[in-house]
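Chains, contacts and geometry: an overview
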Amino acid sequence: EEKGAYEKVLQLAKDIDAKLLLVCDPDGDRMGVGVKHNDEYIVLNGNQTGALLLEYILSSYEDLDIKVDNPCMFNTIVTSDIGEAVARYHGCDNERTLTGFKYIGNKVRQYEKDHAKNYVFGYEESYGSLIKPFVRDKDATQACLLLAEACAHYLSKGKTLVDVMNECYDKVGYYFDTQISVMLPGADGAEKLQKIMSNVRNNPLQVPGFKTVKIEDYKLQKVYEGDKVEDFAKHDVSDVLKYYLEDGSFIAIRPSGTEPKCKCYLSVKDTL
């Protein structure tokens, strides 16, 4: 997620004129991607990389006439909607879980037992994905192999991964996704974080010029839509608030599960 993680590999890519650069974190579960496009290197975010992998998997099934009964892709409640849109375009179902790849792993196990759906891909916006579920966690080794294969495949057709990303936008709509993190270190950080979440919960966000049409509260397990309030028991309890705007955009807010910070996810959609 940090720009500094790409500094050395970008320099190496320029030195050897690489078409693709891949970086992983030390334990090899997250993958970062850079693509040479129009003589410059463009670093993709986790939402874009996940959508590209999904597009390659599902379009390859179609090209090879591989039939999958009840296919399903999995991502999380803070992941961009572009993945769901790509899945829907190819006739694939989408299920969302709480953040944390263990929840996707639990879904894999559930459907391996009851055979109600067949797993085709799972990913999070935070650069983690799982191609084949013989493991139950995000796996950058698999992701790097498949992404490199996808890059070579599209280059053989005269296209970069950025071209393919733009084609996805043309098909399902244009999405811009970003994240804002507020660090809250020190002994009083946890207390400040609780106050932030309490304040946002008691005083719902209002975005000038954009009507909020629905709020999901994963802690109270409630959905607020207009004058309706419904129980919401699709997921385990988690301190997450998600606001849906009338134009299809969303804002999600939650405390980090591993660091002393508040994370805000912003997803904007346009159909132009």
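Residues numbered from 1 in each chain as written. Predicted model: local features only at pLDDT ≥ 70, side-chain atom pairs only at ≥ 80, totals over all residues. Heavy atoms only, no water.

**Notes on the overall build of the chain**
Helices and strands together make up the secondary structure of the chain, namely seven helices and 14 strands. For 272 residues, the compact-globule estimate of 2.2 N^0.38 gives 19 Å, and the chain sits close to it at 19 Å. Its C-alpha atoms give the chain principal-axis dimensions of roughly 55 × 45 × 40 Å. Residues classed as buried in the chain amount to 49% of the 272 residues present. Of the contacts formed within the chain by residues at least 6 apart in sequence, a portion of 57% connects residues at least 24 apart. Put simply, the chain shows about 14300 Å² of open surface, and 51% of that area lies on carbon and sulfur atoms. (Helix = DSSP H or I, 4+ residues; strand = E, 2+ residues; numbered from the N terminus. Rg over C-alpha atoms; globule rule 2.2 N^0.38 Å. Buried < 20%, exposed > 50% of the residue type's maximum accessible area, 1.4 Å probe, protein only. Contact = heavy atoms within 4.5 Å. Areas by Shrake-Rupley, 256 points an atom, 1.4 Å probe, with all protein chains shown as cover.)

**Thoughts on the sheet that holds strand β5 (residues 93–97)**
Strand pairing within a sheet occurs via backbone hydrogen bonds; the two strands may be parallel or antiparallel. Spatially, the four strands line up as an open sheet ordered β5-β4-β6-β7, and their pairing is mixed. Each end of this open sheet is capped by a strand with a single partner; those strands are β5 and β7 (129–130). Looking at chain direction, strand β4 (residues 71–76) and strand β6 (residues 118–123) are connected through four bridges and run parallel. Note on β6: the bridge partner recorded for Phe 74 is Gly 122. Packing against the sheet, helix α2 (residues 46–63) makes contact with β4, β6 and β7, and its axis sits at approximately 155° to β6. (Pairing = 2+ DSSP bridges. Axes fitted to C-alpha atoms, helices over the stretch in contact; angles between N-to-C directions.)

**Thoughts on empty space enclosed by the protein**
Applying the stated criterion to the full structure yields one cavity of 30 Å³ or more. Considered as a void within the structure, the largest cavity measures approximately 50 Å³ in volume. When residues in the lining of the largest cavity are grouped by element, the largest group, four residues, is from α2. Taken together, the residues of the lining of the largest cavity sort by class into four nonpolar, five polar and one charged. (1 Å grid on protein atoms, 1.4 Å probe; cavity = no way out; pocket = protein on both sides within 12 Å on 5 of 7 lines; lining within 4 Å. Points joined across faces, edges and corners; volume = space filled by probe spheres on them. Nonpolar A, V, L, I, M, F, W, Y, C, P; charged D, E, K, R; others polar.)

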